[in-house]
Structures are given as structure tokens and as C-alpha cells.
Amino acid sequence: MQKRTILMILLIFCAGLVWGQKNKTPKEKKEKTEKPAKVKAEEPVKEKPKTSGLAIPKSMIEFGLNGGGAIVGGDVKPTPSYAVGFHIRKATDYIFSLRADFLYADLKGKNAATNVERDFNTKWMSGTMYGVMSLNSLRWDKPVRNTNLYILAGAGVNSFSATSFKSEDNLRQFDTLKRAFAPHMGLGAGISFRLGKKINIALEEQAFMVFGGRADLIDNIVPNRPNFRDVVSFTNLSINFNLGNASSKTEPLYWINPIDGVLNSIDDKINQRTSGLIKDEDGDGVIDAIDQDPNTPAGAMVDTKGRTLDSDRDGVPDHIDKEPFYMPQANEKVDETGVVTNPQTGGNGRPGGNGSGVTEERVKELIDQALQNYQIADNRTSAAEWFLPMLHFPASTAQIKYSDYGNLAGVGRMMKANPGIRVVVIGFTDSTGSESINNQLSYDRAKNVIEHLVTSHGVARGRFVLQWKGSADNLVPTSSSYMNRRAEFRIAGPGDVEQDPPAPKEGGY
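Residues numbered from 1 in each chain as written. Predicted model: local features only at pLDDT ≥ 70, side-chain atom pairs only at ≥ 80, totals over all residues. Heavy atoms only, no water.

1. Overview of the side chain of Asp106
Here is step 1 of the chain: In this fold, Asp106 is placed in strand β3 (residues 96-112).
Here is step 2 of the chain: Contact partners of Asp106, with chain neighbours within four places excluded, come to Ser81, Tyr82, Asn121, Thr122 and Lys123. (Helix = DSSP H or I, 4+ residues; strand = E, 2+ residues; numbered from the N terminus. Contact = heavy atoms within 4.5 Å.)

Put into C-alpha cells, the structure is as follows:
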């Protein structure tokens, strides 16, 4: 009996190795089975044609421990029995996965349901290879699902020994069926609940139907009905662990939204093709691909082509020119700071001036005076507000679109150029959905915008005031309009205070 048990475990182990070898990528197989061929220097290496489609990301392997009750549907009335087992599961894509199961069960029955008066005790061991299909893998509403419905179907081998007892003689042994191997088919269904990135629990039901001459002998009753098979049922609770490096592999794919995998793959391809094109090594706001002066000093003002500005054309850049807006007249000379050393007609742009030219402070004064003439209360602050954008969001999400990154970069630059101002960020939703969901969603939209400006553009968090209004103040009367799903900006006043987050709602949105 022990030899057969060991033999069965070895068979299951070998099957697992074959399954693992089958699911290795061609690159991994080639590395282990082939030595790299030497390429002659004069022969060009031909690139393999690229295949179309998106690569399936590498994911972790699930290892599960399960235990529960098992019964035999046969000729003798079953009594509660226990069974324990373990499994290893590997996803092949977002819907299908392969699973290898091992099960041990101590099956019992008491008081015959037919004319045969006997009890039985069967020791069952089995190994099964399942194909698993996740039924809710086509739900694309969330990046990661917290529940997973699935069905199982597969085949394997089992080995069992059965002993019968005479019930009227204090369970004295009657006869014994020796252990032997037989094939079986397995079916099942279950539901699992995600507790975290590394662990989940599952409720599951499995059934095993044996084939061959031992199909009706699990309860050790000689068959008295043609083509009848005993069926072993296993109801269990399983605790499952995801094995692997979470930093280099995703969760098992049956937990992940397939659309996220597609978008990530597209992003990777875009980043590969645009690598180096969107860099800005000198940090002047002009990408290197079109920057005609890629080594601009820090703090220098540049034009749209990345060239250092020289507004008065005196040969001294604006960022070190003390008179950046005073253009020297004929025969006038300037020093290394842009100051005229031999003024011909005075300074400050007026005849008879003191020869100091037009300073940057004087230009700001002139601008402030001009703005006051147009009755603008807070000149530079109000002028900055004219250029604040409005961001829009897809339905039921607070994720910022890549197309809005440029708008947020503009907000970041404006706030760095005006360190004395604070900005109110207000989140809105459309009129679909409940009030509690809309409130949380509008809060998340404003929060994500602020976090982007803080982390990506270095603006201090204290310079933002977060407010949310849910579905209030819609711009368009249509309940589901794209225009209503937005985040707005405005310059903060003395009375603007940050709103607390909305009350949490169980279940999320």
C-alpha cells in the first residue's frame, strides 16, 4: 500500500513537471536546451519577424490548501467524512488557467439503503489536472476584481482501498478491496474572495466519477446495477497564496482586468518608440527633440525653440541682464550685466534720465499700472486665472487622462512663477449615480489632480485647497454629459478652506 502511495505521488509530481515545462515561454526553453550559436562577423544577423498582438504579462502562481467534507454517492448511506488536499494553479491568460490537485479522503458509510446490511470505510487518494475558466473575467469595470467565479473540468487518476463491516456484529470486518489505480473525471465550481495581493479564500464543490471495473466499488458493494458509478463529492474551504515576486510579476491574471493589461502594453510600446524624444535635459520646458540650445542655464527664460531670451538684443541674456528691456542706442555699449556704460540720451527711456536704463522692476510697475486702468483688482493673480484649464474625466473614474498632462504642466509652471498664490481645485460629477457615489468620485478627482501637481511638478501641497461638489453646478443639463465630469481651478481667496472628504460608503463606487 505504501509503495503504491509513493508511486502515485511521483506520478503527480512528474505530471506537474510536464505541465510546467509546457507553460514555459519559448525563450526559457531555448535557454535551457540550446547553446547560443556563434555568428560570423561578416554575416549580418537577421532579425526575427515581430509577431502581432500584445504580450501576456508574467503572473504569480497560486498555491492552495483546502479541507472540508466528503461523501460517496453509492449503495450505502454515507456518513460525514473528512478530506484534505492542496493545489497549484497557473493562469494561461485572463480567462483560462491550469490547476493540479491532490486529495486525500477518509470516506465512511453506515446502514445500507438497500437490502445489503453493511458499513464501509474507504481510504481515497487522487491527483487531478483541471482546466479552470473564470466566468467573470469579462467584467471590465474595475482594475482588480475582488471576487472570482469559476468552473473546473479535468481528469486524473485515483487509488482507494475499501473495507466493509457487518453492522450487526459490532463492525466486525467483512471483506476488503485492495488499493489499485483507476482513472476518473472531475468537475467542479467555486467562488473565491480576494483578501489582498498575496492571499484569497474560496468555497468550492468538486465531484469525481471513476471509470473502469472499480467504478461502483468505492463503497465496497458489488455492483447490482449495470452502468452505475459511485460518485465522490468534496465540499471544501480553501485558503490560497500567490507565490512569486510581486515587484516583477502581476497577480494571477484571473484577478486582473484584461483592458488594463492592453493599455499597459500600449503605453510600453509608446514609451519605447518615444524614448529620448520627450526628454528635457536642461529643464527649460522645451523637449530636447526641438531644443536648439539644449544646455540652457538654470533659471534662464527661453523662447519656443529653447533659445535663451535677449529681449533688448544687447548680447546679454535676460536672466543676467539688469536692464533686460532697454535696447542700447547707436554707439552705446553695455557691460557683462547688460548695463549701458556710455548712455547717449539718459536712462529710464526718458531724455535727461539718470543713465540706468529701464529695469525689470520699472517694467513690472508699468504693467501693474496698466492693469489697474482696466480695473483688475489683483493684477498678476487675476491674469494667471485667465489661463487655468478645465479637466474632464470618463464616466465612473477619477483617473487623469494622458491628454491632460500638458494642461497640468501649465498649471504647475504658473504656480512656480507666482509663489504667492494658492489655487482651489474643485471636483464635479454628472447626475448619474447616487449622491454618496458622486460625492466620493468628485472628491477623488480633485484629490488626484492635486497629487499629480505635487508629485510630478513639485508644487507644495499647502498651496492647494481641495473642494468637491458632486453633481451640483452642472454645466450641461444632460444628466450624463461629458462636460459635467470635470475638475476646475481658480485662485484661492482669504475665505477659501479645504473640505473634509465625504463620509465613506461601504463597497466603494
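2. Considering the nonpolar core
Here is step 1 of the chain: Ranked by size, the top nonpolar core spans 25 residues in total, and within it Leu107, Trp124, Phe208, Ile218 and Val232 carry the most contacts.
Here is step 2 of the chain: Those elements that provide at least two residues to this core are β1 (61-73), β2 (76-91), β3, β4 (119-134), β5 (147-166), β6 (172-194), β7 (199-210) and β8 (231-243).
Here is step 3 of the chain: The residues contacting Val232, other than those within four sequence positions of it, are Ile71, Val72, Leu107, Trp124, Gln206, Ala207, Phe208 and Ile218.
Here is step 4 of the chain: Counting 23 residues, the second-largest nonpolar core is a separate cluster that includes Leu391, Ile400, Val411 and Ala487. (Core = buried A, V, L, I, M, F, W, Y, C linked by side-chain atoms within 4.5 Å. Buried < 20%, exposed > 50% of the residue type's maximum accessible area, 1.4 Å probe, protein only.)

3. Focus: the packing of aromatic side chains
Aromatic rings in a pair are described by how distant their centres are and how their planes are angled relative to each other.
Here is step 1 of the chain: Tallying each qualifying case throughout the model produces six aromatic pairs.
Here is step 2 of the chain: An aromatic cluster is built from Phe63, Phe86 and Phe102, whose rings are joined through pairwise contacts.
Here is step 3 of the chain: Directly above the aromatic system of Phe160 lies the positively charged group of Arg214, at a separation of 4.3 Å from the ring centroid. (Phe/Tyr/Trp six-rings, centres within 6.5 Å; stacked < 30°, edge-to-face > 60°. Lys NZ or Arg CZ within 6 Å of the ring centre and 35° of its normal.)

4. Structural notes on the pattern of salt bridges
Here is step 1 of the chain: Taken as a whole and judged by the stated rule, the model has 11 salt bridges.
Here is step 2 of the chain: Residue Asp430 pairs with Arg485 through a salt bridge whose shortest N-O separation is 3.1 Å. Of this pair, Asp430 sits in the loop between β10 (423-427) and α7 (435-457) while Arg485 sits in the loop between β11 (464-468) and β12 (486-491), and the two are 55 residues apart along the sequence.
Here is step 3 of the chain: On the basis of relative accessible area, Asp430 is assigned to the buried category, the value being 5%.
Here is step 4 of the chain: Of the residues examined, Arg485 reaches a relative accessible area of 10% and is grouped as buried.
Here is step 5 of the chain: Bridged by salt links that share partners, the residues Arg99, Asp101 and Glu204 form one connected network. (Salt bridge = Lys/Arg side-chain N within 4 Å of Asp/Glu carboxyl O.)

5. As for the sheet that holds β11
Here is step 1 of the chain: Read from one edge of the open sheet, four strands run β9-β12-β10-β11, paired in mixed fashion. Here the strands that pair on one side only, and so sit at the sheet edges, are β9 (390-392) and β11. Strand-to-strand twist of the sheet, defined as the mean angle between neighbouring strand axes without regard to direction, takes the value 20°.
Here is step 2 of the chain: Note: β9 against β12, three bridges, orientation antiparallel. What sits directly across from Leu391, in β12, is Ala487.
Here is step 3 of the chain: This element, α7, spans β9, β10, β11 and β12 of the sheet and lies at about 160° to β11. (Pairing = 2+ DSSP bridges. Axes fitted to C-alpha atoms, helices over the stretch in contact; angles between N-to-C directions.)

6. Quick notes on the confidence of the model for the protein
Here is step 1 of the chain: Mean pLDDT for the protein: 78, with 71% of residues reaching 70 or above.
Here is step 2 of the chain: For the stretch residues 22-53, pLDDT sits under 50, and the model shows nine contacts to residues farther than four places along the chain or on other chains.
Here is step 3 of the chain: Contacts for the low-pLDDT stretch residues 375-380, under 50 throughout, to residues beyond four places or in other chains number nine contacts. (pLDDT = per-residue confidence, 0-100.)

7. A few points about the environment of Gly109
Here is step 1 of the chain: As for its placement among the helices and strands, Gly109 is situated in strand β3.
Here is step 2 of the chain: By relative accessible area, Gly109 is classed as buried at 5%.
Here is step 3 of the chain: Here the alpha-carbon distance between Gly109 and Asn121, two residues 12 residues apart in the chain, equals 6.7 Å.

8. Some points on a nonpolar patch on the surface
Here is step 1 of the chain: A cluster of nonpolar residues, Ile61, Leu65, Phe86, Ile88, Phe193, Leu195, Ile201, Leu203, Leu237, Ile239, Phe241 and Leu243, forms a patch on the protein surface that exposes about 960 Å² of accessible area.
Here is step 2 of the chain: When contributions to the nonpolar patch are tallied by element, the ones reaching two or more residues are β1, β2, β7 and β8.
Here is step 3 of the chain: Top contributing element to the nonpolar patch by residue count: β8, with four residues.
Here is step 4 of the chain: Along the chain, Leu195 turns up in the loop between β6 and β7. (Patch = residues over 30% accessible without salt bridge, like charges linked within 9 Å, V, L, I, M, F, W, Y side chains within 5 Å. Areas by Shrake-Rupley, 256 points an atom, 1.4 Å probe, with all protein chains shown as cover.)

9. A short note on empty space enclosed by the protein
Here is step 1 of the chain: For the coordinates displayed, the defined rule picks out two cavities of 30 Å³ or more.
Here is step 2 of the chain: Its volume calculated, the largest cavity comes out at about 60 Å³.
Here is step 3 of the chain: Of all elements in the fold, only β2, β3, β4 and β7 reach the threshold of two or more residues within the lining of the largest cavity.
Here is step 4 of the chain: Here the lining of the largest cavity is built from residues that sort into six nonpolar, five polar and one charged.
Here is step 5 of the chain: What the second largest cavity holds in volume is close to 40 Å³.
Here is step 6 of the chain: Lining the second largest cavity, in full, are Glu62, His87, Arg89, Arg99, Tyr150, Ser192, Asn200, Ala202, Glu204, Asn240, Tyr254 and Trp255.
Here is step 7 of the chain: Those elements that provide at least two residues to the lining of the second largest cavity are β2 and β7.
Here is step 8 of the chain: The greatest single-element share of the lining of the second largest cavity, amounting to three residues, is contributed by β7. (1 Å grid on protein atoms, 1.4 Å probe; cavity = no way out; pocket = protein on both sides within 12 Å on 5 of 7 lines; lining within 4 Å. Points joined across faces, edges and corners; volume = space filled by probe spheres on them. Nonpolar A, V, L, I, M, F, W, Y, C, P; charged D, E, K, R; others polar.)

10. Things to note about the packing of helix α6 (residues 405-417) against α7
Here is step 1 of the chain: Relative to each other, α6 and α7 sit at 65°, their axes nearing to 10 Å. What the angle tells us is that α6 and α7 run roughly perpendicular. When the axes of α6 and α7 are compared, the crossing they make is right-handed. Contacts between α6 and α7 involve Tyr405, Leu408, Ala409, Val411, Gly412 and Lys416 on the former and, on the latter, Val449, His452, Leu453 and His457.
Here is step 2 of the chain: Along the lines of polarity and charge, the residues of the contact of α6 with α7 split into six nonpolar, three polar and one charged. (Parallel < 35°, antiparallel > 145°, perpendicular 65-115°, else oblique. Left-handed = near helix turned anticlockwise from the far one by under 90°.)

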